[in-house]
Amino acid sequence: HIQKQSYNCLEILCVNDGSKDNSQKIIEKMAEEDSRIIVVNKENGGVSSARNKGIELATGYYIQFVDSDDLIDYDMVEILVSALEDSESQMAICGYRFSCGQPDRIPMQGIWTKEEFIERFHMYYTGGFICSPWNKLFIKDLIKNGFPEDMNLGEDAVFNMNYIMSVQKICTVNCAPYFYEVGNVNSLSWKYNEKALY
């Protein structure tokens with residue numbers, strides 16, 4: 001679905017983080033057929049390392065993340081870019097759907113100053129909209145801190161919070177164009193943790 005986006009002026013960076021399967025061959029074949037695809041092969045360093053490499057090499061104005069086992073609707077990029085530009089914001093946040101039949105998570109529509117967003121932070125955090133990077137659109141030049149590579153839990157939230165603190169306005173979009181492939185629903189990442197919020 002990434003290649004078929006309605007917003008087709010894309011640079012598609014595929015970071016192969018030391019995969020042991022046929023991923024490298026598959027994405028290299030796709031790159032031969034689509035000049036927008038850039039393949040980056042690196043030694044395994046974890047998801048934060050892979051995302052940081054993507055940020056480092058990206059040449060576009062915007063940054064969006066998609067995990068390798070997830071899907072996005074054909075108009076997700078267009079939705080987020082339009083929302084961000086129409087609201088003159090520096091970050092756009094949308095909702096997402098699950099592969100396991102859980103209800104969609106869709107945020108309240110809004111355009112917020114940073115201070116207004118922070119006032120509503122607990123609502124967005126407990127609603128599941130803060131921690132992941134893949135339901136958001138970022139402006140590359142405003143990313144001052146990458147994903148911390150010395151953490152194995154909460155690194156996405158740290159990245160997002162650092163970014164939020166560097167912007168002046170945030171928009172939220174009440175739709176769910178991202179499809180999240182659920183792994184182990186009993187894992188730590190699925191547990192609400194008040195200490196993690198603190």
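Everything that follows concerns the structure shown earlier in this document.
The rules behind the values
- Residues numbered from 1 in each chain as written.
- Predicted model: local features only at pLDDT ≥ 70, side-chain atom pairs only at ≥ 80, totals over all residues.
- Heavy atoms only, no water.
- Pairing = 2+ DSSP bridges.
- Helix = DSSP H or I, 4+ residues; strand = E, 2+ residues; numbered from the N terminus.
- Contact = heavy atoms within 4.5 Å.
- Axes fitted to C-alpha atoms, helices over the stretch in contact; angles between N-to-C directions.
- 1 Å grid on protein atoms, 1.4 Å probe; cavity = no way out; pocket = protein on both sides within 12 Å on 5 of 7 lines; lining within 4 Å.
- Points joined across faces, edges and corners; volume = space filled by probe spheres on them.
- Nonpolar A, V, L, I, M, F, W, Y, C, P; charged D, E, K, R; others polar.
- Phe/Tyr/Trp six-rings, centres within 6.5 Å; stacked < 30°, edge-to-face > 60°.
- Buried < 20%, exposed > 50% of the residue type's maximum accessible area, 1.4 Å probe, protein only.

**Points about the sheet that holds strand S5 (residues 91-93)**
Pairing in this open sheet of 5 strands is mixed, and the strands run S3-S8-S5-S9-S7 from one edge to the other. Every interior strand has two partners, whereas the edge strands, strand S3 (62-63) and strand S7 (110-113), have only one. Where S5 lies against strand S8 (residues 136-139), 3 bridges are found, and the strand directions are antiparallel. Its bridge partner lying in S8, Met91 is registered against Phe138. Sitting on the sheet, helix H6 (residues 155-164) is in contact with S5, S8 and strand S9 (169-172), with an inclination near 50° to S8.

**Some points on the layout of surface pockets**
Estimates place the volume of the largest pocket at around 1600 Å³. Ile2, Ile12, Leu13, Cys14 and Val66 are the residues nearest the centre of the largest pocket, which is lined by 47 residues in total. Residue contributions to the lining of the largest pocket peak at 6 residues, all from strand S1 (residues 12-17). Looking at the lining of the largest pocket residue by residue, the class counts come to 27 nonpolar, 12 polar and 8 charged.

**Looking at the packing of aromatic side chains**
Here the structure, examined in full by the defined rule, presents 16 aromatic pairs. Their ring planes at 85° and their centres at 6.1 Å tell us that Phe65 and Phe159 sit as a pair that is edge-to-face. Placement of Phe65 in the loop between S3 and strand S4 (71-72) and of Phe159 in helix H6 is noted, with a sequence separation of 94 residues between them. Each member of the pair, Phe65 as well as Phe159, is classed as buried. With a centroid separation of 5.4 Å and an interplanar angle of 70°, the aromatic rings of Tyr96 and Phe98 are classed as edge-to-face. Taking relative accessible area as the criterion, Tyr96 reaches 4% and is therefore assigned buried. Of the aromatic side chains, those joined through ring pairs into one cluster are Tyr96, Phe98, Phe117, Tyr124, Phe129, Trp134, Tyr178 and Tyr180.

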